Amino acid sequence: LDGYNSGRQYQFQSDSQDACSRLVQQLSRLAAEARKREAGKTRFRKSQERLARVISSIPFQAMLTLIILANFAISIACAELQEGQILISSNGTITDNPSAGGPLSAAQDSLNLFFTIIFTVELVLNLYAQWFQPFFSDGWNLLDLVVVAFSLIGLAPVNLPVSLIISLRAVRVVRLFGKIKTLRKMMTALSCSIPPMMNAYIIIFIITGIYSVVGVYLFRGDNPIYFGSFSRAFVAMFLIIAGEPTGSALLYRDDGSIHLEFVLFLFSYVILVVWIFFQVSVAVLLENYLAASAELEAEQAAAERPGPGGGGAAGRAGNPLDPLLLRLAHDWVDERDLADRLPPHP
């Protein structure tokens with residue numbers, strides 16, 4: 001056979017010369033169709049495929065991961081050095097320190113420009129390799145687009161707060177989730193498991209609202225700071241969920257005796273929300289996360305499996321006859337079975 005499988009040897013057995021001729025004719029026709037499809041690709045399409053192979057290669061992804069980590073490390077260092085960048089007056093007003101900056105600020109701006117250029121170039125290359133629908137149908141590509149857009153906004157000559165610009169720089173590490181395969185799978189499975197948890201969250205929200213209303217009418221006179229209004233009580237209830245000692249001020253009365261009403265109120269809320277519904281939500285999250293992970297692994301295995309339905313090395317466009325030849329070489333039974341596996345001759 002000439003074409004993609006030139007030089008590779010396959011052995012087939014048939015009961016007659018006529019069956020052998022039909023097999024050769026079918027394979028020759030398939031090979032000609034594959035060569036025709038390959039020859040019909042435009043230069044734009046071929047350049048897209050070559051660039052996609054480069055972008056998806058392990059060395060390129062490893063280099064990009066190191067650059068993202070370096071950018072994150074520099075963002076941490078810049079945040080640590082912000083201690084001397086502000087001044088606190090005697091009345092508590094916070095202002096920028098005019099004496100701060102200098103070479104350090106210039107170095108930060110230069111590094112930010114360097115990383116922004118690299119990420120923008122990588123985004124443009126990725127956009128070219130996957131133009132148009134494959135790029136915009138991938139959520140991770142859209143995330144990259146948003147992050148790079150915010151980085152470019154930080155370089156624009158607009159009056160943005162310095163704190164906002166630095167915060168936008170730190171967000172760029174989120175792109176790491178889409179570059180590392182294990183992190184990407186974990187985040188995808190986690191995002192798939194969050195929607196089933198919404199019922200548990202709605203129940204927790206409703207119960208917290210009920211306790212907030214009850215708390216306002218029962219304890220606003222004892223502690224107006226936490227229970228003076230619904231909004232204050234609602235925040236206090238969430239602080240209790242987070243383990244903050246919000247309700248400790250109401251556990252005892254002024255004479256040192258236990259505030260029994262508040263103890264019952266607090267204990268019932270903690271048992272109902274923290275011990276029951278939070279555990280249920282964690283169980284739901286874990287169950288759906290494991291199910292989503294198993295589904296993603298099955299899809300990945302199917303994509304890498306050789307064969308007509310797979311997308312692995314044997315099923316890629318570079319060797320279009322491999323799936324058919326693999327099946328014909330190993331698992332056909334007789335001439336009738338072989339004829340059923342071959343496409344009908346026109």
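Residues numbered from 1 in each chain as written. Predicted model: local features only at pLDDT ≥ 70, side-chain atom pairs only at ≥ 80, totals over all residues. Heavy atoms only, no water.

1. Some remarks on the overall build of the chain
Stated precisely, the cut-off is as follows: Note on conventions: DSSP H or I runs of at least 4 residues are helices, E runs of at least 2 residues are strands, and numbering of each starts at the N terminus. Each residue gets one of three labels from its accessible area relative to the maximum for its type: buried under 20%, exposed over 50%, partly exposed in between, using a 1.4 Å probe on protein chains only. Whether two residues touch is decided by their heavy atoms; if any such pair falls within 4.5 Å, the residues are in contact.
Within the chain, the secondary structure is distributed over 15 helices and two strands. Burial analysis of the chain (346 residues in total) assigns 29% to the buried set. Put simply, of all contacts in the chain between residues at least 6 apart along the chain, 62% involve residues at least 24 apart.

2. Brief notes about the packing of aromatic side chains
Threshold: Each Phe, Tyr or Trp ring (for Trp, its six-membered ring) is paired with any other whose centre lies within 6.5 Å, and the angle between the two planes then decides the class: stacked below 30 degrees, edge-to-face above 60, tilted in between.
Applying the stated rule across the entire model yields 18 aromatic pairs. The interplanar angle of 75° and the centroid separation of 6.4 Å between the aromatic rings of W131 and F136 together place this pair among those described as edge-to-face. The class for W131 is partly exposed, based on a relative accessible area of 46%. Members of the aromatic cluster, connected to one another through ring pairs, are Y211, F219, F227, F262, F265 and Y269.

3. A closer look at the confidence of the model for the chain
Formally: Scored between 0 and 100, pLDDT is the confidence that the predictor attaches to each residue.
Chain-level statistics for the chain give a pLDDT mean of 78 and a share of 76% at 70 or above. Contacts for the low-pLDDT stretch residues 306-318, under 50 throughout, to residues beyond four places or in other chains number 27 contacts.

4. A closer look at unusual backbone geometry
In the segment running from W131 into F132, the intervening peptide bond is cis, with an omega of 10°. Residue position: F132 is located in the loop between α4 (103-129) and α5 (133-136).

5. Topic: the pattern of salt bridges
Heads up, the rule is: Here a salt bridge means any side-chain nitrogen of Lys or Arg lying within 4 Å of a carboxyl oxygen belonging to Asp or Glu.
Throughout the structure, instances matching the rule amount to six salt bridges. The partner of K41 in a salt bridge is E49, and the shortest N-O contact between them spans 2.9 Å. The shortest N-O distance in the salt bridge between D138 and R184 comes to 2.9 Å. On the criterion of sequence distance, the pair formed by D138 in the loop between α5 and α6 (139-155) and R184 in helix α9 (residues 181-193) is long-range, its members being 46 residues apart. Take D138: its relative accessible area is 19%, and that puts it in the buried class. Here R184 falls in the partly exposed class, since its relative accessible area comes to 29%. Bridged by salt links that share partners, the residues K41, R45 and E49 form one connected network.

6. Quick look at the nonpolar core
Selection rule: Buried Ala, Val, Leu, Ile, Met, Phe, Trp, Tyr and Cys residues that are joined via side-chain atoms within 4.5 Å together make up what is termed a nonpolar core.
Of all hydrophobic cores here, the largest spans 18 residues; its most connected members are F227, M237, F262, F265 and Y269. Of all the elements in the fold, those that place two or more residues in this core are α10 (198-219), α12 (230-241) and α13 (260-304). Broken down by element, the residue count for this core peaks at seven residues, all from α13. Not counting residues within four places of it along the chain, the set of residues in contact with Y269 comprises T208, Y211, M237, I240, I241 and V274. Core analysis: the second largest hydrophobic core is formed by ten residues, I67, L123, F135 and V173 among them.

7. As for the packing of α4 against α6
Helix-helix packing: each pair is described by the crossing angle between the helix axes and the interaxial distance. To be explicit about the condition: Geometry is summarised by axes, namely lines fitted to C-alpha atoms with helices restricted to the contacting stretch, and by angles between N-to-C directions that run from 0 to 180 degrees. In this scheme, a crossing is called left-handed if the near helix is turned counterclockwise away from the far one by less than a right angle; it is called right-handed if the turn is clockwise. Residue type decides the class: Asp, Glu, Lys and Arg count as charged, Ala, Val, Leu, Ile, Met, Phe, Trp, Tyr, Cys and Pro as nonpolar, and the leftover types, Gly among them, as polar.
Running from N to C, α4 and α6 point in directions that differ by 145°, and their axes come no closer than 10 Å. Remark: the crossing between α4 and α6 carries left-handed chirality. In this structure, α4 uses N112, L113, T116, F119, T120, L123 and N126 to contact α6, whose residues at the interface are N141, D144, L145, V148, S151, L152 and L155. A breakdown of the residues in the contact of α4 with α6 according to their chemical character gives seven nonpolar, six polar and one charged.

8. Concerning a positive patch on the surface
What counts, and what does not: Patch membership is restricted to residues that have no salt bridge and whose relative accessible area is over 30%. Joining uses 9 Å for like charges and 5 Å for the nonpolar side chains Val, Leu, Ile, Met, Phe, Trp and Tyr. To be clear on the numbers: accessible area is Shrake-Rupley with a 1.4 Å probe, and residue cover counts the displayed protein chains and nothing else. Charge assignment in this entry is limited to Lys and Arg as positive and Asp and Glu as negative, and neither His nor the chain termini are counted. The atoms used to mark charge sites are NZ of Lys, CZ of Arg, CG of Asp and CD of Glu.
A surface patch of like charges, here positive, comprises R43, K46, R50 and R53. Considering the arrangement of structural elements, one finds R43 in helix α2 (residues 43-55). Classification of R43 as exposed rests on a relative accessible area of 78%.

9. Structural notes on the environment of A200
Along the polypeptide, A200 turns up in helix α10. Residue class for A200 comes out buried when judged on its relative accessible area of 11%. The spatial distance from the C-alpha of A200 to the C-alpha of V280 is 7.5 Å, given a sequence separation of 80 residues.

10. Some words on helix α3 (residues 58-80)
Filter applied, for reference: Each residue after the first adds 1.5 Å to the expected span of a helix.
The end-to-end C-alpha separation of α3 is 33 Å, in line with the 33 Å expected for 23 residues at 1.5 Å each. Those residues of α3 that sit buried are F60, Q61, L64, T65, I67, I68, N71, S75 and C78.

11. Description of the environment of R53
Mapped onto the secondary structure, R53 falls in helix α2. For R53, a relative accessible area of 53% translates into the label exposed. In this structure, the C-alpha to C-alpha distance between R53 and A129, residues 76 residues apart in sequence, is 9.0 Å.

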